[in-house]
Amino acid sequence: MEKKIKWGIIGAGRIAEKFASDLKSTTYGELFAVSSTSLARAQDFALRHDAKHAFGNYEELFSVEVDVVYVATPHPFHLQHTLLCLNNGTPVLCEKPFGMEESEVNQMITTAREKKVFLMEAMWTRFLPSTLKTLEIIQSGVLGKIITLHADFGFKAIKDFEGRAYNQKLGGGALLDIGIYPIYLSLLILGYPSAIKASSIFAQTGVDETTSMLFQYDNESTALLNCTFGCDTNCEAIIYGELGKITIHTKFHESKKVTLHLKDQEPVVFDFPRDTFGYNYEADEVHACLQAGKLESEIFPLSASQKLIHLLDKTREAAKIFY
Ligand SMILES: NC(=O)c1ccc[n+]([C@@H]2O[C@H](COP(=O)([O-])OP(=O)(O)OC[C@H]3O[C@@H](n4cnc5c(N)ncnc54)[C@H](OP(=O)(O)O)[C@@H]3O)[C@@H](O)[C@H]2O)c1
């Protein structure tokens, strides 16, 4: 039997809470230690999620033996906290976006390779059954050539200008926070675009509140993508091919349902019920990689993270989003 993987957490915020909850449904994962800028918050978190250790600063996490650390701080701190782990020889699953820009991601990857330590971006949607089914359908060829992909992610965010969504110092803005999901889907399905158009509406704090994107590809496909903190949108993804379409139902980035529509045929619905948030699938991939002694995932390799941050940088450039 494979051994249990002991997780540590850096940053006891909202996403850490969901991840810790999903870890309980995995076969091999256990939350072992949590570190926070507040000892009281770490202790409270540890109590709720049965972690053995709680620390009031991130460095102390390395005083106990953890097999892997989940970095769950806001994006501008991903580089610093990932390097902290890698320099301690500890494998890392770091939240998306991996870094604020390509140079940060390259630094993380170079360090992981130099130290020979496992590293992966927490692009959890790559591992969802709905994503795997979508890829399987596309690869089967039933849709023919993909002509265009439409995807959006929007919700009405609370206008707290100090909070993570709107605060520039915390890496605020719709593109990096939620636009990354439609962008990643386009990258996964259509590859890297040959032309990028993007336009943003900015909040008074200077972060993008809405960003609309139009990508074009060498094979004459397009992608029409949108993200916003201004209102609730459908949060659906539709991939249109010459012979039919696939709908990844709302909210597409955490979908439990995919429908295949082929011309003159009854739609085929694929349901993927689950009672987790969906973070267990990425955790399972980390467990499998660590148990096999791998330094990166073959399903979501570091080269995929590099392409993704490059595309985010180029989209920001087109939309004139600066930090
Ligand atoms: N995969 C997903 O579905 C998903 C969903 C939401 C967010 N995320 C990503 O996860 C990261 C965290 O998001 P979140 O929504 O969990 O944020 P959050 O609720 O604000 O939590 C972030 C935590 O980071 C720590 N932190 C360290 N330095 C900080 C600083 N200067 N300001 C604020 N917090 C600081 C704090 O924890 P302590 O004080 O306890 O150390 C804080 O609670 C972001 O990069 C985001 O993109 C991913």
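Preceding this paragraph is the structure being described.
Residues numbered from 1 in each chain as written. Predicted model: local features only at pLDDT ≥ 70, side-chain atom pairs only at ≥ 80, totals over all residues. Heavy atoms only, no water.

**What about the packing of helix 6 (residues 174-190) against helix 8 (residues 302-319)?**
Running from amino to carboxyl end, helix 6 crosses helix 8 at an angle of 120 degrees, the nearest separation of the two axes being 10 Å. You can see that helix 6 and helix 8 cross each other, and the crossing is right-handed. When helix 6 is examined against helix 8, the residues L175, L176, I180, I183, Y184 and L187 are found in contact with a partner set consisting of A304, K307, L308, L311, L312, T315 and R316. Grouping the constituent residues of the contact of helix 6 with helix 8 by class yields 10 nonpolar, 1 polar and 2 charged. (Axes fitted to C-alpha atoms, helices over the stretch in contact; angles between N-to-C directions. Helix = DSSP H or I, 4+ residues; strand = E, 2+ residues; numbered from the N terminus. Left-handed = near helix turned anticlockwise from the far one by under 90°. Contact = heavy atoms within 4.5 Å. Nonpolar A, V, L, I, M, F, W, Y, C, P; charged D, E, K, R; others polar.)

**Section: empty space enclosed by the protein**
Scanning all chains against the criterion turns up 1 cavity of 30 Å³ or more. Lining of the largest cavity is provided by T125, L128, S130, T131, Y181, Y184, L185, L188, I248, F252 and H253. Considered class by class, the residues forming the lining of the largest cavity number 7 nonpolar, 4 polar and no charged. (1 Å grid on protein atoms, 1.4 Å probe; cavity = no way out; pocket = protein on both sides within 12 Å on 5 of 7 lines; lining within 4 Å. Points joined across faces, edges and corners; volume = space filled by probe spheres on them.)

**Points about helix 5 (residues 129-140)**
With 12 residues, helix 5 should reach 16 Å at 1.5 Å per residue; the first-to-last C-alpha distance of 16 Å fits that figure. When we look at burial in helix 5, the residues that qualify are P129, S130, T131, K133, T134, L135, I137 and I138. Just beyond helix 5, the residue with positive phi is G141, at close to 90 degrees. (Expected span 1.5 Å × (residues − 1). Buried < 20%, exposed > 50% of the residue type's maximum accessible area, 1.4 Å probe, protein only.)

**Structural notes on the layout of surface pockets**
Space inside the largest pocket adds up to approximately 1200 Å³. Surrounding the largest pocket, 36 residues form its lining, R14, I15, F155, R164 and D177 being those nearest its centre. At the level of elements, helix 1 (14-23) and helix 6 are the ones that each hand at least two residues to the lining of the largest pocket. Looking at side-chain class alone, the lining of the largest pocket contains 16 nonpolar, 9 polar and 11 charged residues. Shared between two domains, the lining of the largest pocket takes at least three residues from each, and those domains are domain 1 (5-123) and domain 2 (129-271). (Domains from an automatic or database assignment.)

**A few points about the site of the ligand**
Lining the immediate environment of the ligand, one finds 24 residues, of which S36, T37, R41, Y58 and Y279 sit closest. A distance of 3.2 Å separates an oxygen atom of the ligand from a polar atom in the side chain of Y181. If the ligand stood free it would expose 890 Å²; the protein chains cover 82% of that surface. When each cavity is represented as a set of grid points, the ligand is found to reside in the largest pocket. For the shell around the ligand, the elements supplying multiple residues, two or more each, are helix 1 and helix 6. The residue makeup of the shell around the ligand, split by class, is 11 nonpolar, 7 polar and 6 charged. Each of domain 1 (5-123) and domain 2 (129-271) gives at least three residues to the shell around the ligand. (Near = heavy atom within 4 Å. Polar contact = N/O pair within 3.5 Å; in protein donor to acceptor, adjacent residues only side chain to side chain. Areas by Shrake-Rupley, 256 points an atom, 1.4 Å probe, with all protein chains shown as cover. Sits in = over half its atoms within 2 Å of the grid points.)

**Comments concerning the environment of L61**
The residue L61 is located in the loop between strand 3 (53-55) and strand 4 (68-71) in this model. Sequence spacing of L61 and S305 is 244 residues, and the spatial spacing of their C-alpha atoms is 26 Å.

**Thoughts on the sheet that holds strand 8 (residues 195-202)**
Pairing in this open sheet of 8 strands is mixed, and the strands run 8-9-10-7-11-12-13-14 from one edge to the other. Both edges of this open sheet fall to strand 8 and strand 14 (268-271), since each of them pairs with a single strand only. Geometrically, the sheet is characterised by an average inter-axis angle of 10 degrees between neighbouring strands, direction not taken into account. Sheet analysis places strand 7 (residues 146-154) next to strand 11 (residues 237-241), joined by 5 bridges and oriented antiparallel. Following the sheet pairing, H150 is matched in strand 11 by I238. Most of the contacts of helix 6 go to strand 10 (residues 222-228), to which it runs at about 160 degrees, and overall it touches strand 7, strand 9 (208-216), strand 10, strand 11 and strand 12 (244-248). (Pairing = 2+ DSSP bridges.)

Remember, this is a structural readout, not a statement about activity or role.
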